[in-house]
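# Chain and residue survey
So the chains spell out like this:
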Amino acid sequence: MKKLHWTLKKLLEEYPDDDYIVHKYRRSVLRQQADRLLSLGFRGMLAKSFKLKHINALATSWREEGYSEAEIYNELPSLRWWVIHIRKKNLLAELSKLVEVDKMRYPENTKYPQIGTCLHCRMDCRLTDGSEVYPHRPDLSDLLLWVCDPCFAKVGTHKPTTNPLGFAANQETATARKQLHSVFDPLWENEEKKLMMRDLVYLYLGTHMGLYPHESHIAKFSKKQCEEAALLLKNETPGSLMNWKKQGAKKQATS
Ligand SMILES: [Zn+2]
């Protein structure tokens, strides 16, 4: 193993992400970035020797290869992680200068893998369309889906990107998610500020289930989590959730 790959591997072991999926994604992005640096002639480099000239060389090579602004933007979280953990926070500002966000066609979610991951085996999925998954439903043929062949798991995508909606799941989990939606959706769908209300329901679930905000989403839940969430929401109303929020705010104000 090259010195750069080895020292990055050590750094990842020293600072693992709480979320395994994020960790695995970061590892693979960093590995590609290290490969690129070596191919650009930075041989004998270590993780801690990362400098401004490396940032600029990476950016130039991505642009020469025709990367879009959004694609370059997606490379940045791992580089930020890198400079923070080698204690070169002065490079953060340089990284922010690389991309003009308003040039991007749509801001992409940079926190998550853009590749579908299977909830059951945690392996990468394969992108396909509705004509394969729903052969008898020509009306669904244009749908994009990530599928895991060994688990028969699938998940849809955020239009107009191919970003997965959550973790691909098997039929049993999909049914549990659907059942949870039947309890979850009435709590926000007909409310005046419905998106705010939906966020509140997710906040309530995340708080009670011990999840990070980014984990509190039905498309990421397992069957067991769906059942737990449905139980938590069973006796709630939009009003009771608003009350819960107000009490929380009061508590924070007095503590
Ligand atoms: Zn699988």
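Calculation criteria
Residues numbered from 1 in each chain as written. Predicted model: local features only at pLDDT ≥ 70, side-chain atom pairs only at ≥ 80, totals over all residues. Pairing = 2+ DSSP bridges. Helix = DSSP H or I, 4+ residues; strand = E, 2+ residues; numbered from the N terminus. Axes fitted to C-alpha atoms, helices over the stretch in contact; angles between N-to-C directions. Parallel < 35°, antiparallel > 145°, perpendicular 65-115°, else oblique. Left-handed = near helix turned anticlockwise from the far one by under 90°. Contact = placed C-beta atoms within 7 Å. Nonpolar A, V, L, I, M, F, W, Y, C, P; charged D, E, K, R; others polar. pLDDT = per-residue confidence, 0-100.

## With respect to the sheet that holds strand 2 (residues 144-148)
Taken in spatial order, the three strands make up an open sheet running 1-2-3, and their pairing is antiparallel. The outermost strands of the open sheet, each flanked by one partner alone, are strand 1 (126-129) and strand 3 (153-156). For this sheet the average axis-to-axis angle between neighbouring strands, irrespective of direction, equals 35°. Pairing analysis gives four bridges linking strand 1 to strand 2, with the strands arranged antiparallel. Counterpart to Thr-128 in the pairing with strand 2 is Leu-145.

## Quick notes on the packing of helix 7 (residues 171-184) against helix 9 (residues 223-233)
Orientation of helix 7 relative to helix 9, taken along the N-to-C sense of each, is 15°, at an axis distance of 9 Å. Taken as axis vectors, helix 7 and helix 9 run roughly parallel relative to one another. The two elements helix 7 and helix 9 meet at a crossing, and its hand is left-handed. Across the interface between the two elements, Glu-172, Thr-173, Ala-176, Arg-177, Gln-179, Leu-180, Val-183 and Phe-184 of helix 7 pack against Lys-223, Cys-226, Glu-227, Ala-229, Ala-230 and Leu-233 of helix 9. Of the residues belonging to the contact of helix 7 with helix 9, the class tally is eight nonpolar, two polar and four charged.

## Topic: the confidence of the model for the protein
Averaged over all residues, the pLDDT of the protein is 86; the fraction at 70 or higher stands at 89%. Contacts for the low-pLDDT stretch residues 104-112, under 50 throughout, to residues beyond four places or in other chains number 15 contacts.

## Re the packing of helix 8 (residues 194-209) against helix 9
Two numbers describe how helix 8 lies on helix 9: the axes approach to 10 Å, and their chain directions differ by 110°. Taken together, the axes of helix 8 and helix 9 are roughly perpendicular relative to one another. Helix-helix and strand crossings are classified by hand; for helix 8 and helix 9 the assignment is right-handed. Listed contacts from helix 9 to Leu-205, His-208 and Met-209 of helix 8 are Gln-225, Glu-228, Ala-229 and Leu-232. The residue inventory of the contact of helix 8 with helix 9, partitioned by class, reads four nonpolar, two polar and one charged.

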